[in-house]
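Now for the letters of each chain:
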Amino acid sequence: MPFQTEDLLPVLALVVWTLIMFIWMYLTRIPAFQKAGIDPNDARHPDAGYNAKIPASVRSVADNYNHLHEQPTIFYALVFFAALTGGGDNVFMYLAWAYVILRVVHSFIQVLSSQVAQRFLVFALGTIVLIIMAVKEVLRLFL
């Protein structure tokens with residue numbers, strides 16, 4: 001199946017969501033820093049102790065933004081790999097969209113709730129989706 005632009009729409013969706021989280025992070029973080037009297041130079045290093053001075057809800061947004069740069073890198077690689085090597089069939093695309101939806105749900109749980117067990121469940125489901133996507137591509141290429 002030839003490469004279609006639609007094959008990369010889940011990538012665009014997750015990139016846009018990551019940028020939304022970036023905006024959300026700074027809309028909450030800058031006022032929290034100002035309210036706590038934190039000099040921006042004191043935040044050069046995450047372990048500098050400034051996190052104890054800002055609300056957990058603000059830290060959660062920043063943590064989520066950082067998380068969107070971790071495991072999703074595997075997702076991006078898988079989608080580009082499938083798109084460039086002739087994968088990306090309907091099942092793969094449903095899985096890709098499922099992963100994006102799970103990451104958005106994960107973000108909302110992390111930012112709006114303190115339910116770590118719920119967040120872990122969604123993270124685990126997303127990981128399972130990535131594993132299925134990867135196995136599907138390996139099977140497609142080698143069997």
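Above this text you will find the structure in question.
Parameters and conventions
- Each chain carries its own residue numbering, running from 1 in the written order of its sequence.
- For a predicted model such as this one, the threshold for reporting local features is a pLDDT of at least 70, and the threshold for listing and counting side-chain atom pairs is 80 or more; totals across whole chains, interfaces and linings nevertheless cover every residue.
- No hydrogens and no water enter the side-chain calculation; it runs on all heavy atoms of the structure.
- Residue types Ala, Val, Leu, Ile, Met, Phe, Trp, Tyr and Cys, when buried and joined through side-chain atoms within 4.5 Å, form a set referred to as a nonpolar core.
- Any residue under 20% of the maximum accessible area for its type is buried, any over 50% is exposed, and the rest in between are partly exposed; the area is computed with a 1.4 Å probe on protein chains only.
- Elements are defined by DSSP. Helices are runs of H or I of four residues or more, strands are runs of E of two residues or more, and each kind is numbered from the N terminus.
- We call two residues in contact whenever any of their non-hydrogen atoms come within 4.5 Å of each other.
- Simply put, an axis is a line fit to the C-alpha atoms, just over the touching stretch for a helix, and the angle between two N-to-C directions goes from 0 to 180 degrees.
- Our angle categories are set so that under 35 degrees counts as roughly parallel, over 145 as roughly antiparallel, 65 to 115 as roughly perpendicular, and the remainder as oblique.
- A crossing counts as left-handed when the near helix is turned anticlockwise from the far one by less than a right angle, and as right-handed when that turn is clockwise.

1. Details of the nonpolar core
Right, so step 1: Leu14, Met21, Phe75, Val79, Phe92 and Met133 are the most contacted members of the largest nonpolar core, which has 29 residues in total.
Right, so step 2: The set of elements that each furnish at least two residues to this core consists of α1 (9-36), α2 (56-67), α3 (72-85), α4 (90-112) and α5 (116-142).
Right, so step 3: Considering every element that reaches this core, the biggest residue donor is α4, with 9 residues.
Right, so step 4: In contact with Phe92, not counting residues within four places along its chain, are Leu78, Val79, Ala82, Met133, Lys136 and Glu137.
Right, so step 5: Within the second largest apolar cluster, 7 residues are counted, among which are Ala32, Ile38, Ala43 and Val58.

2. Here's the deal with the environment of Pro31
Right, so step 1: With respect to the element layout, Pro31 can be found in helix α1.
Right, so step 2: Residue Pro31 is classed as partly exposed on the basis of its relative accessible area of 40%.
Right, so step 3: In this structure, the C-alpha to C-alpha distance between Pro31 and Ile54, residues 23 residues apart in sequence, is 9.7 Å.

3. Remarks on the packing of α3 against α5
Right, so step 1: Contact pair α3 / α5: the axes reach a minimum separation of 10 Å and the direction vectors enclose 25°. By the angle class used here, α3 and α5 are roughly parallel. Considering how the two elements wind past one another, α3 and α5 form a crossing that is left-handed. Taken together, the residues of α5 that come into contact with α3 (itself represented by Ile74, Phe75, Leu78, Val79, Phe81, Ala82 and Thr85) are Leu130, Met133, Ala134, Glu137, Arg140 and Leu141.

Keep in mind these values describe shape, not function.
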